[in-house]
Structure formats: structure tokens, C-alpha cells
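# Summary of the model geometry
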Amino acid sequence: MALVGTVYFIGVVLGSLTLPGISDKVGRKPISMLGISMSFGAAIVVLYSSSLNVLWVMQFILGFSSCGRYFVGYLYFTEHWHVNEVSKATGVLFSCDALTLAVCTVYFKYISNN
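Sequence positions are assigned chain by chain, starting from 1 and proceeding in written order. This being a predicted model, a pLDDT of at least 70 is required before a residue's local features are given, and a value of 80 or more before pairs of side-chain atoms are given or counted; all residues contribute to the totals for chains, interfaces and linings. Just so you know, side-chain values use all the structure's heavy atoms and leave hydrogens and water out.

## What to know about the overall build of the protein
- Under the DSSP-based scheme used, a helix requires at least four consecutive residues in state H or I and a strand at least two consecutive residues in state E, with every element numbered from the N terminus. What the protein contains, in helices and strands, is 4 helices and 0 strands.
- Written out in order from the N terminus, the α and β elements of the protein read α-α-α-α.
- Judged by the C-alpha coordinates and their principal axes, the protein covers about 45 × 30 × 20 Å.
- Each residue's exposure class comes from its accessible area (1.4 Å probe, protein chains only) as a fraction of the maximum for that residue type: buried when under 20%, exposed when over 50%, partly exposed otherwise. Put simply, the protein has 114 residues, and 24% of those count as buried.
- In the protein, of all internal contacts separated by at least 6 residues, the share reaching a separation of at least 24 is 69%.
- Total accessible area computed for the protein in this model is approximately 7800 Å², and 71% of it derives from carbon and sulfur atoms.
- Each charge sign in the protein was given a centre, from 6 positive and 4 negative side chains, and these centres are 7 Å apart. Note on contacts: a residue pair qualifies if any of its non-hydrogen atoms lie within 4.5 Å across the two residues. To be clear on the numbers: accessible area is Shrake-Rupley with a 1.4 Å probe, and residue cover counts the displayed protein chains and nothing else. A positive count includes Lys and Arg, and a negative count includes Asp and Glu. His and the chain ends are not counted in either. Here the site of a charge means atom NZ of a Lys, CZ of an Arg, CG of an Asp or CD of a Glu.

## A closer look at the layout of surface pockets
- Using only the protein atoms, space was sampled on a 1 Å grid; points where a 1.4 Å probe fits but cannot get out form cavities, open sets with protein on both sides within 12 Å along at least five of seven lines form pockets, and lining residues are those with an atom within 4 Å of a point. Grid points are joined across faces, edges and corners, and a volume is the space filled by probe spheres set on the points. Each pocket or cavity is described by its volume, and for the largest pocket that value is around 1100 Å³.
- Lining the largest pocket are 29 residues, and of these Ser 39, Arg 69, Tyr 70, Asp 97 and Thr 100 lie nearest its centre.
- Among the elements of the structure, α2 (28-48), α3 (52-79) and α4 (86-111) are those that each provide at least two residues to the lining of the largest pocket.
- Among the elements that line the lining of the largest pocket, the one with the most residues is α4, at 11 residues.
- Looking at the lining of the largest pocket, its residues break down into 22 nonpolar, 5 polar and 2 charged. When residues are grouped by polarity, Ala, Val, Leu, Ile, Met, Phe, Trp, Tyr, Cys and Pro land in nonpolar, Asp, Glu, Lys and Arg in charged, and all others, Gly among them, in polar.

## Considering the environment of Phe 9
- If you trace the backbone, Phe 9 turns up in helix α1 (residues 2-26).
- Note on Phe 9: relative accessible area 55%, which makes it exposed.

Have a look at this one:
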């Protein structure tokens, strides 16, 4: 199962090397939306798949797309806020992300049968 984490971080490295440069050329919004869409789709597939091979591929996609969601999306998000409000908005953004992780953890620990 350690390979699942490795595949995820390989996706993060490749996404980090490619997506920020592409976002400079085509814009941050399309890359951010692409990252969110890819992450959402891969997460749904992971929830309903029982194949380890599919899990590896989806973990790579989740890692790759996380760069679009976090790095490019964060820049796009902060560019639309006044300088004095960026820290407050960032706190809300990261708190929502942490809350999502906590809810998913509770779901899989206590509610899900998997």
C-alpha cells in the first residue's frame, strides 16, 4: 500500500513541473477548474472502485490535479482579494479544506463499511 502514496507524490511532482507554466500561458482559471474537475472525478472513481490498479491511476491523477487545485487555484483565488483581506480569505480557504479532510476521515472510520 506504500506504493499508493508514492504514486500520488509522483503525480504531485509532475503536476508541479507542468501546471504552473501552463497556467501562465492559458490563464489560472482554466487550469484551476481543470484541477478541481480532475480531482472530483478521480475521487468519485476511488470511492466506487475495488481494483488496486485503478486506485494507483486515480492516486496519480489526484496528485497531478492537486497542483491545479492548490498552487494555481490559490494564486487565482488570492489575486481577486484586496491585499488586506488575503490572510483572512486564506484562513477560510484552508479551514474549509481541513474540515473536508476531517469529515472524510470520520466517514471512512465510523460510517463506511470499507
